[in-house]
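Each chain is listed here by its residues.
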Amino acid sequence: MWVYIEKISDFVDKEVTIKGWLYNIRSSGKLMFPELRDGTGLIQGVVSKKAVSEKVWEDFGKLTQESSVIVTGVVSKHPKKEDVYELQVNGLEIVSIAEPYPITPKEHGVDFLADRRHLWLRAPRQAAIMRVRNEIIQSIRDYFYNNGFILFDAPIFTPNACEGTSTLFSTDYFDLGKAYLSQSGQLYAETGALALGKVYTLGPTFRAENSMTRRHITEFWMMEPEMAFYDIDDNMDLIEDFLAYVVQRVIKNKRKELTFLERDLTKLEKIVKPFPRITYDEAVEILIKKDIPLIRKTANGEEHIRPFPWGEDFGAPHEEAIVEDFDKPVMVHRWPSEAKAFYMKRDPDNPKIALGVDVLAPEGFGEIIGGSQREDNLEFLEERIKEHGLPMSEFEWYLDLRRYGSVPHSGFGLGIERMVSWICNLEHIREAIPYARRPNRIRP
RNA sequence: UCGAAGAUAGCUCAAUGGUGGAGCAUUCGGCUGUUAACCGAAGGGUUGCGGGUUCGAGUCCCGCUCUUCGAGCCA
């Protein structure tokens, strides 16, 4: 009977068939130990020369790394290791002998591996990450489905820029001139919220930023919920409830994979409600207390400005300093409006403040969520579009949301790959998606 | 875009300005509990590209290309 390796413990002392690939093989005279993988896990086979036919013995000798095989044998417990199973092999059918495989069980450089991403994904580590990614996305879909949200897919081709055109990829669009690849589905999600109440988008987004860091890719998946009649505080309530749900569910269902990735689960287990909420003002106080300067690049080097001046956005060292005292995601809210996007609502009590919130993941993973209450006043929004030099005509449909039954509403955007990086404790975002697109890489 | 480091065998890396090596991978042989198995042998190189200094350059100098790491920008 054909079984998958992840279910192998249900078949102890039974004969089973495994269909998969040879991951590695060791031999010791009259014994061979082929390691088999089938996409769901790894299992070690034991081939004893006296227990198998001469043909099976010889065929095992021909196998190369990643050769595809159908192996039959009896499942047994490992003689020395707890909760580890082996396959006492009695039959082998060779499906295909692999050519010399470039990715050996030894170490490789990241560029070498990235060139062979289509093969690298077969590695147990990469497969574990992909399983965690799958669980994260499924948790997100289940959370929103079970909480009354409607999946509302935003278009990828867009005519306008949400926040300036310098970071947009463009392409020709028939007789209509340029189309841009979406860098956010938010504006469309807002239309969905006013149509359906609570919606979310989940799809690829694109940023033409020449950012060569461990936290950036040019094509990434973003999940953006948008809720009518939610204010900034309702928004933060949702963020912490949602994040805690996803993290706890992934720990529960993907413990084996996270353990394999050497993730410290005690740190993830602490991700439960409530999360710390601090205002931008309080965050600046922390920076001043810790004497973290604002660093400005100048013609002849760097200028260190202290104390940290109110109104400036935070960089990596600032996020680090703010988060290091907490072991949960930190929600920093009520930002200087100057530094924030045109669609964020101004604080009615203080026009210098925008009702935005950034969520900084612990352990130095930085921003994983950006959100806000949206500007719902027609005149204010028109003003903001003018201030940002954006073409009013492109936003008429967006402004209609403020003309026809405008309501307070809020939402946020979560970067899926940053979430995966954080939960798996990855050193680089390139491992968080099957095929990472970066400024210097578009293949394979 | 800026800053730093780097590019040598299929891979990961050594080599004081003086005959380019090792481990792994590959091929062959040995071994009845291996697990990044081990032991023995063999094959494998235009030292990223172009120029310069020198009796002599992988090594020093100049230019270019590419990679990695960091910063900015952001999710």
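Not measured: the values here are computed from a predicted model.

1. Some thoughts on the protein's contact with RNA strand B
Okay, step 1: In the vicinity of RNA strand B lie 54 residues, with Arg26, Glu86, Arg214, Ile368 and Arg418 positioned nearest.
Okay, step 2: The protein-proximal atoms of RNA strand B, defined as those within 4 Å of the protein, are 53% sugar or phosphate.
Okay, step 3: The side chain of Asn24 places a nitrogen or oxygen atom 2.7 Å from a phosphate oxygen of RNA strand B.
Okay, step 4: Between RNA strand B and Asn210 there is a distance of 3.1 Å, counted from a base oxygen to a backbone nitrogen or oxygen.
Okay, step 5: Among the residues making up the surface near RNA strand B, the classes are represented as 15 nonpolar, 19 polar and 20 charged.

2. Focus: the pattern of salt bridges
Okay, step 1: Summed over the entire model, instances satisfying the criterion amount to 37 salt bridges.
Okay, step 2: Taking the shortest distance from any N to any O, the salt bridge between Arg125 and Glu431 comes out at 3.0 Å. Of this pair, Arg125 sits in helix 4 (residues 124-146) while Glu431 sits in the segment after helix 13 (416-424), and the two are 306 residues apart along the sequence.
Okay, step 3: Of the residues examined, Glu431 reaches a relative accessible area of 9% and is grouped as buried.
Okay, step 4: Taken together, the shared-partner salt bridges in this structure form one network comprising Lys345, Arg346, Glu375, Asp376, Arg384 and Glu387.

3. A few points about the domain arrangement of chain A
Okay, step 1: In terms of domain boundaries, chain A breaks down into domain 1 (5-96) and domain 2 (118-276 + 326-431).
Okay, step 2: Just the C-alpha atoms count here: the centres of domain 1 and domain 2 sit 45 Å apart.

4. With respect to the environment of Phe11
Okay, step 1: Inspection of the secondary structure puts Phe11 in the segment before strand 1 (15-28).
Okay, step 2: In this structure Phe11 comes out as buried when scored by relative accessible area, which is 15%.
Okay, step 3: When residues no more than four places from it in sequence are discounted, the contact partners of Phe11 are Met1, Val3, Val16 and Val75.

5. Quick look at the side chain of Thr167
Okay, step 1: Topologically, Thr167 is positioned in the loop between strand 7 (157-158) and strand 8 (170-172).
Okay, step 2: The buried category is assigned to Thr167, whose relative accessible area is 17%.
Okay, step 3: For Thr167, the side chain forms a polar contact with the side chain of Gln183, separated by 3.0 Å.
Okay, step 4: With sequence-adjacent residues up to four places away left out, Thr167 is seen in contact with Gln183, Phe206, Arg207, Ala208 and Glu209.

6. With respect to helix 10 (residues 316-323)
Okay, step 1: Burial in helix 10 covers these residues: His318, Glu319, Ala321, Ile322 and Val323.
Okay, step 2: Residues of helix 10 that are buried in the fold lie against strand 12 (277-279), helix 9 (280-289), strand 13 (294-298), strand 15 (330-336), strand 17 (350-361) and strand 18 (366-373).

7. Topic: the sheet that holds strand 2 (residues 31-37)
Okay, step 1: Sheet architecture is closed into a barrel: five strands sit in the order 1-2-3-5-4, paired in mixed fashion. In this sheet, adjacent strand axes meet at a mean angle of 55° when their direction is disregarded.
Okay, step 2: In the packing of helix 1 (residues 54-62) onto the sheet, contacts are made with strand 1, strand 2, strand 3 (42-48), strand 4 (68-77) and strand 5 (85-96), and the angle to strand 5 comes to roughly 75°.

8. Describing the nonpolar core
Okay, step 1: By size, the foremost hydrophobic cluster in this structure holds 56 residues, and its most contacted members are Met223, Phe242, Met419, Trp422 and Ile423.
Okay, step 2: Ranked by residue count, the leading element in this core is helix 6 (residues 232-253), at eleven residues.
Okay, step 3: Once residues lying within four places of it in the same chain are set aside, the contact partners of Met223 are Ile140, Phe144, Tyr200, Thr201, Leu202, Phe242, Phe412, Gly413, Leu414 and Ile416.
Okay, step 4: Phe11, Val16, Ile18 and Leu63 belong to the second largest nonpolar core, which has 23 residues in total.

9. Focus on helix 5 (residues 186-196)
Okay, step 1: Within the span of helix 5, buried status applies to Gln186, Leu187, Tyr188, Ala189, Glu190, Gly192 and Ala193.
Okay, step 2: Buried residues along helix 5 sit against strand 7, strand 10 (198-206), strand 11 (219-228), helix 12 (396-403) and strand 19 (409-415).
Okay, step 3: Positioned one or two residues after helix 5, Gly197 has a phi angle of 95°, which is positive.

Reading the values: rules and limits
Residues numbered from 1 in each chain as written. Chains lettered and ligands numbered in written order. Predicted model: local features only at pLDDT ≥ 70, side-chain atom pairs only at ≥ 80, totals over all residues. Heavy atoms only, no water. Near = heavy atom within 4 Å. Polar contact = N/O pair within 3.5 Å; in protein donor to acceptor, adjacent residues only side chain to side chain. Nonpolar A, V, L, I, M, F, W, Y, C, P; charged D, E, K, R; others polar. Salt bridge = Lys/Arg side-chain N within 4 Å of Asp/Glu carboxyl O. Helix = DSSP H or I, 4+ residues; strand = E, 2+ residues; numbered from the N terminus. Buried < 20%, exposed > 50% of the residue type's maximum accessible area, 1.4 Å probe, protein only. Domains from an automatic or database assignment. Contact = heavy atoms within 4.5 Å. Pairing = 2+ DSSP bridges. Axes fitted to C-alpha atoms, helices over the stretch in contact; angles between N-to-C directions. Core = buried A, V, L, I, M, F, W, Y, C linked by side-chain atoms within 4.5 Å.

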